[in-house]
Amino acid sequence: MRHDIDPKAQLRTAGLRVTAPRVAVLNAVAADPHSDADHIAAAVRDELGSVSTQAVYDVLKACTAAGLLRRIEPAGSAARYEARTGDNHHHLVCRSCGTVVDVDCVVGEAPCLTPSQTHGFAVDEAEVVFWGLCASCRRDAPVDAT
Ligand SMILES: [Zn+2]
Ligand SMILES: [Zn+2]
């Protein structure tokens, strides 16, 4: 799914008022997917001057609730945000440097995995995180004789 459309139009479609901080947050996330709130706040301040971190958190929350952003929270990491929503994609996370990379859904639609037992749940999503070492951390890792 491509998300190079105008953030103002996105906000309007989602029924949110267009404000400078909201537009700046959406632009910052689109420019640097899987950023955490601190990183996004720094980018927004670069563009707009003084915007409080709390204001950025509020925008992230509103845009996530409206489906414009997706929030992921890999274990041991701060929450990260991305503009690629609604396609049930998964993530590869590097255990060493924390790099997050998108991978397409295993099957193409949610839930792409079926639990061995549903225990009566109506399952609608499987959150899949693949953990490992990224290419550059593998290069830096001591050579293993096997
Ligand atoms: Zn890495
Ligand atoms: Zn992603």
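What this report covers is the structure whose coordinates are included nearby.

Conventions and cut-offs
- Residues numbered from 1 in each chain as written.
- Chains lettered and ligands numbered in written order.
- Predicted model: local features only at pLDDT ≥ 70, side-chain atom pairs only at ≥ 80, totals over all residues.
- Heavy atoms only, no water.
- Donors = N, O, S within 2.8 Å, 3.2 Å for Na, K, Ca; no water.
- Tetrahedral: all angles 85-135°; square planar, octahedral: opposite > 155°, others 65-115°.
- Helix = DSSP H or I, 4+ residues; strand = E, 2+ residues; numbered from the N terminus.
- Buried < 20%, exposed > 50% of the residue type's maximum accessible area, 1.4 Å probe, protein only.
- Salt bridge = Lys/Arg side-chain N within 4 Å of Asp/Glu carboxyl O.
- Pairing = 2+ DSSP bridges.
- 1 Å grid on protein atoms, 1.4 Å probe; cavity = no way out; pocket = protein on both sides within 12 Å on 5 of 7 lines; lining within 4 Å.
- Points joined across faces, edges and corners; volume = space filled by probe spheres on them.

Ligation of the zinc ion (ligand 1) by protein atoms is provided by C94 (SG), C97 (SG), C134 (SG) and C137 (SG), these donors lying 2.2 to 2.3 Å from the ion. Each of the four donor atoms bound to the zinc ion (ligand 1) contributes to angles spanning 104 to 112 degrees, and the resulting shape is tetrahedral. Between consecutive donor residues of the zinc ion (ligand 1), the sequence gaps follow C-x2-C-x36-C-x2-C. One end of the pair, C94, is in strand β4 (residues 90-94); the other, C137, is in helix α5 (residues 135-140), with 43 residues separating them in the sequence. Owing to a relative accessible area of 4%, C94 belongs among the buried residues under this scheme. The buried category is assigned to C137, whose relative accessible area is 12%.

A few words now on the coordination of the zinc ion (ligand 2). Expected angles at a metal are 109.5 degrees for tetrahedral coordination by four donors and either 90 or 180 degrees for octahedral coordination by six donors. Distances from the zinc ion (ligand 2) to its protein donors, namely H34 (NE2), E82 (OE), E82 (OE), H89 (NE2), H91 (NE2) and D102 (OD), fall within the range 1.8 to 2.8 Å. Mapping the donors of the zinc ion (ligand 2) onto the primary sequence gives the spacing H-x47-E-x6-H-x1-H-x10-D. Pair noted here: H34 is in the loop between α2 (20-31) and β1 (35-36) and E82 is in strand β3 (residues 80-82), with a separation of 48 residues, a long-range link. Exposure remark for H34: the relative accessible area of 9% places this residue in the buried category. Classification of E82 by relative accessible area gives buried; the value is 0%.

Summed over the entire model, instances satisfying the criterion amount to five salt bridges. E82 serves as the salt-bridge partner of R70, at 3.8 Å between the closest nitrogen and oxygen. With R70 in strand β2 (residues 70-72) and E82 in strand β3, this residue pair connects regions lying 12 residues apart in the sequence. Taking the relative accessible area as the measure of exposure, R70 reaches 18% and is therefore buried. Measuring nitrogen to oxygen at the nearest pair gives 3.5 Å for the salt bridge that ties R84 to D102. You can see R84 sitting in the loop between β3 and β4 and its partner D102 sitting in strand β5 (residues 100-103), a full 18 residues away along the chain. Residues joined in a network through salt bridges with shared partners are R84, D87, D102 and D104.

The three strands are arranged β1-β3-β2 in an open sheet whose pairing can be described as antiparallel. Each end of this open sheet is capped by a strand with a single partner; those strands are β1 and β2. Relative to β3, β2 runs antiparallel, the two being bridged by three bridges. Following the sheet pairing, R71 is matched in β3 by Y81.

Taken as a whole, the largest pocket holds about 160 Å³ of empty space. Taken together, 13 residues form the lining of the largest pocket, with A37, Y57, R71, A79 and Y81 sitting closest to its centre. Where the lining of the largest pocket is concerned, the elements lending two or more residues are α3 (37-48) and α4 (53-65). The biggest single contributor to the lining of the largest pocket is α4, with six residues.

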